[in-house]
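# Structural overview for review
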Amino acid sequence: MSLHAPTLLANAAERVKRPSVSFEFFPPKSEALEGTLWESIRKLEPLAPTFVSVTYGAGGSTRDRTHRTVARIVSDTTLKPAAHLTCVAASKTEHEVEHLKALNGVHADGANKGLARIVSDTTLKPAAHLTCVAASKAEVDGVLRDYWRAGVRRIVALRGDPPGGVGMPYLQHPNGYASAIELVETAARVGNFDISVAVHPEKHPSSPTFEHDVENFKRKLGAGATRGISQFFFDENVFLRFRDRLARAGVYAPILPGIMPVTNVKGLKKMTDACGATLPRWMIQLFEGLDDDPETRRLVTAVTTAQLCARLSAEGIKDFHFYTLNRADLALAICRILGVRAKEAAQ
């Protein structure tokens, strides 16, 4: 489709059916960053996203902060937190055990703090974030049962990155789960979870072929997954070719395009090199000479990301997943262009 940018943006804004959006956050490392995170959450909450997720660091390194963030989203907002279930660094720390006790009301004040509050006080559909390397299958199963009893219904099931990061060898716990497929099977067996899994439009770095990636996704769906959430990309054709590849293989399950509005291209280069995503030359050129001009970088990011989403919308994409990097302004502006407004304003 060869529409010019103004037409694409206008068509996206005038589209009658409101797209569905979801947002991903990461746990903050300091009080100052926590303030930024919660300011962003409050700004995006009125858009009524389908769900929000909170990530883990490599090797499960941010597990405790992730649980605290998810618990606060549950108790203090109307959002639907979706937590990640991964195969990395999954032994239960003392904090996690106490958190899970709180979910089931073991603490005297736990009923007012944990994810269980979703069921009694909100309309949220949370999903638990859990890791499982360094944990046995019995431990993972027990955590899933605890989450189910607490009312958690959404899971993002990922193998996860090893503690050394992408490219390092993946080490399975001797009595643990080996892959996201096994995690999906377990979550589906333990409870009727709504399960999302990862897909890679440009192929997972450790996958030998695109065909292997497609087959892996099919196996996840067969194990009980509902949808795929894609790795970020910056050229709509990358995603559309992937969608076509899935269709040729007879796979029509929903896949959410992962949209990342990034203003730091130098930092992004490290991420793309690690995950196998392509950083287009035109994008690098747009940001050249702007190292000391963050305001202009943000404007460039807003325009390029809005055009990417508008082109996807023109191709029939109706669901978008935003990797927010804990910043609301760009995601908020792009959602507005897509026709996603605060529920109160839209009525």
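Each remark here, short or long, concerns the structure printed above.
Residues numbered from 1 in each chain as written. Predicted model: local features only at pLDDT ≥ 70, side-chain atom pairs only at ≥ 80, totals over all residues. Heavy atoms only, no water.

### Brief notes about the nonpolar core
Residues Phe23, Phe193, Ile195, Ile259, Leu312, Phe320 and Phe322 are the most contacted members of the largest nonpolar core, which totals 53 residues. If sequence neighbours within four positions are ignored, Phe320 has contacts with Pro19, Ser20, Val21, Ser22, Pro257, Ile259, Cys309, Leu312, Ser313 and Leu338. The next biggest cluster of nonpolar side chains, apart from the first, holds 20 residues, and it includes Phe232, Met260, Leu268 and Tyr323. (Core = buried A, V, L, I, M, F, W, Y, C linked by side-chain atoms within 4.5 Å. Buried < 20%, exposed > 50% of the residue type's maximum accessible area, 1.4 Å probe, protein only. Contact = heavy atoms within 4.5 Å.)

### Quick word on the packing of aromatic side chains
Taken as a whole and assessed by the stated rule, the structure comprises three aromatic pairs. On the numbers, 5.3 Å between centres and 15° between planes, the contact of Phe233 with Phe239 is stacked. For the pair shown, Phe233 and Phe239 are each scored as buried. Taking the ring centre of Phe210 as reference, the NZ or CZ of Arg245 above it sits at 4.1 Å. (Phe/Tyr/Trp six-rings, centres within 6.5 Å; stacked < 30°, edge-to-face > 60°. Lys NZ or Arg CZ within 6 Å of the ring centre and 35° of its normal.)

### Some words on unusual backbone geometry
Although it is not a glycine, Lys203 adopts a positive phi angle of roughly 80°. Mapped onto the elements, Lys203 comes out in the loop between strand S5 (194-199) and helix H8 (210-223). A positive phi angle is found at Asn326, which is not glycine, with a value near 65°. (Helix = DSSP H or I, 4+ residues; strand = E, 2+ residues; numbered from the N terminus.)

That's the geometry; what it means functionally is another story.
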